[in-house]
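Descriptive analysis of the structure
Letter by letter, the chains look like this.
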Amino acid sequence: MNQRIMTGILFALSVAAFVVPGYWWPVVPLILLILVVCLSRNELDRALTGRLLGLPPVLSRIGVLLFLLPLLTMLPQVKDLVAPIQLGQTWLGLFLLMVGQIAWAAIMALILLIQHGPQVMPRAVAAAVATTYLAFPFGTAVVILMTLEQGWLWLIVALVTPWLSDVLAYFTGYFLGRHKIVPQISPKKTVEGSLGGLVGGMLALSLALPLINGYTYTSFFDLPAHWLAVIAGGIVLSVASQLGDWLASGIKRWCDVKDFGAYLPGHGGTLDRFDSVLFTLPFTLLLAIWGQIAG
């Protein structure tokens, strides 16, 4: 446990070294996102190779880097075009991301089929799904960071919530866990740990939402609607985090690997640390959009 905790602390400090400067220079977190996407793609490729479904080297690398498509909304002409529309830049960035990912997934699959014939269909499907699995969530991170009001704080929410949820789930499960929740894909996870994770999600939002909305903590929690936002939003993000973790566990079990990587003792690799974030990023974007529309 001590090794896991120390590695987690050092990893968190390393991520913070990229994320914190984003308050002044958004390009710095973008560098982190590029590194994470590229490393995660390599780790996922190694895992899938054991199932003879390795990703096409060039096509998949292009595919995962298409997560940067929302940056096109930063062009002055584009910003002026969508400025009259509420959240126009955000909606356009999300649209570009979705269209780009769908189009590239189809193109990549077709290229593989044309090159190797119908017998390569499982690999073509795996390549299309794997690149979208990585690129779409991190593309929503670009949308959050570059187009939303308080986007930097929302990005921190998306990153911190799954880690805080995971920490509380881990310790709750360690000390109180009795009932298995998904033993077929992750034998150590328990119902009690999962409930502890929900508390972690609510705690993260209780710390973040007052800052995002410009309230003091006292005035923010004077309103029942804000309590509801913290509880509902925290549950949504924690559930998304846990689903992302379970899906990654299922992939690893199917590929017969313990971890996607091995250079973070007690934690695995990059994808092992960001598998939950892959699910919280899109839901954080939805919560932020809902908050700006409702607010």
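Look up a bit, the structure's there.
In short, a report on the structure. Predicted model only: the values in this text are computed from it and were never measured.

Some thoughts on the pattern of salt bridges
- As enumerated under the stated definition, the model contains 4 salt bridges in all.
- When the shortest N-O distance is used, the salt bridge between arginine 41 and aspartate 45 registers 3.9 Å. Of this pair, arginine 41 and aspartate 45 both sit in helix H2 (residues 27–49), separated by 4 residues, roughly a single helical turn.
- Residue classification places aspartate 45 among the buried residues on the basis of a relative accessible area of 16%.
- One salt bridge in this structure joins lysine 258 and aspartate 259, with 3.5 Å as the shortest N-O distance.

Some points on the environment of glycine 22
- Within the secondary structure layout, glycine 22 lies in the loop between helix H1 (2–19) and H2.
- In this structure, the C-alpha to C-alpha distance between glycine 22 and leucine 145, residues 123 residues apart in sequence, is 8.6 Å.
- With residues up to four places along the chain from it excluded, the contact list for glycine 22 reads Pro29 and Trp152.

Points about the packing of helix H3 (residues 57–65) against helix H6 (residues 121–147)
- Interaxial distance between H3 and H6 falls to 8 Å at its minimum, and their mutual angle equals 25°. Classified by the angle their axes make, H3 and H6 are roughly parallel. Here H3 runs over H6; the crossing is right-handed. In this structure, H3 uses Ser60, Gly63 and Val64 to contact H6, whose residues at the interface are Thr131, Leu134 and Ala135.

Description of the nonpolar core
- By size, the foremost hydrophobic cluster in this structure holds 69 residues, and its most contacted members are Leu44, Phe138, Trp154, Phe274 and Leu281.
- It is H6 that provides the largest number of residues to this core, a total of 14 residues.
- What leucine 44 contacts, discounting residues up to four positions off in sequence, is Ala130, Tyr133, Leu134, Ile251, Phe260 and Leu271.

A word on the environment of leucine 168
- Its location among the elements puts leucine 168 in helix H7 (residues 151–176).
- The class for leucine 168 is partly exposed, based on a relative accessible area of 27%.
- C-alpha of leucine 168 to C-alpha of serine 249: the two residues are 81 residues apart in sequence and 19 Å apart in space.
- Non-local contacts of leucine 168, meaning those with residues more than four positions away in its chain, are made with Gly196, Gly197, Val199 and Gly200.

Topic: the layout of surface pockets
- When its volume is computed, the largest pocket comes out at roughly 1200 Å³.
- For the largest pocket, the lining is made up of 35 residues, of which Arg4, Ser186, Lys188, Lys189 and Asp245 are closest to its centre.
- Looking at the lining of the largest pocket, the elements with two or more residues in it are H7, helix H8 (191–213), helix H10 (224–255) and helix H11 (270–274).
- If you tally residues by element for the lining of the largest pocket, the top one is H7, at 8 residues.
- Computed from the structure, the second largest pocket encloses a volume of approximately 550 Å³.

As for unusual backbone geometry
- Of note in the backbone geometry, leucine 87 takes a positive phi value of approximately 60° without being a glycine.
- Within the element layout of this structure, leucine 87 appears in the loop between helix H4 (76–82) and helix H5 (88–116).
- For leucine 87, a relative accessible area of 11% corresponds to the buried category.
- Positioned with a positive phi, glutamine 150 is a non-glycine residue whose angle comes to about 55°.
- Note that glutamine 150 resides in the loop between H6 and H7.
- Residue glutamine 150 is classed as partly exposed on the basis of its relative accessible area, which comes to 40%.

What about the packing of aromatic side chains?
- By the definition in use, this model includes 13 aromatic pairs.
- Seen in terms of ring centroids, phenylalanine 11 and phenylalanine 274 are 5.9 Å apart; in terms of plane orientation they differ by 70°. Their pairing is edge-to-face. With phenylalanine 11 in helix H1 and phenylalanine 274 in helix H11, this residue pair connects regions lying 263 residues apart in the sequence. Across this residue pair, the class does not change: phenylalanine 11 and phenylalanine 274 are buried.

Observations regarding helix H12 (residues 277–294)
- In a regular helix each residue adds 1.5 Å, so 18 residues correspond to 26 Å; H12 covers 25 Å between its end C-alpha atoms and thus fits that length.
- Looking at H12, one finds that the buried residues are Val277, Leu278, Thr280, Leu281, Pro282, Thr284, Leu285, Leu287, Ala288 and Ile289.
- Where the residues of H12 are buried, they touch H5, H6, H7, H10 and H11.

Cut-off values and rules
- Residues numbered from 1 in each chain as written.
- Predicted model: local features only at pLDDT ≥ 70, side-chain atom pairs only at ≥ 80, totals over all residues.
- Heavy atoms only, no water.
- Salt bridge = Lys/Arg side-chain N within 4 Å of Asp/Glu carboxyl O.
- Helix = DSSP H or I, 4+ residues; strand = E, 2+ residues; numbered from the N terminus.
- Buried < 20%, exposed > 50% of the residue type's maximum accessible area, 1.4 Å probe, protein only.
- Contact = heavy atoms within 4.5 Å.
- Axes fitted to C-alpha atoms, helices over the stretch in contact; angles between N-to-C directions.
- Parallel < 35°, antiparallel > 145°, perpendicular 65-115°, else oblique.
- Left-handed = near helix turned anticlockwise from the far one by under 90°.
- Core = buried A, V, L, I, M, F, W, Y, C linked by side-chain atoms within 4.5 Å.
- 1 Å grid on protein atoms, 1.4 Å probe; cavity = no way out; pocket = protein on both sides within 12 Å on 5 of 7 lines; lining within 4 Å.
- Points joined across faces, edges and corners; volume = space filled by probe spheres on them.
- Phe/Tyr/Trp six-rings, centres within 6.5 Å; stacked < 30°, edge-to-face > 60°.
- Expected span 1.5 Å × (residues − 1).

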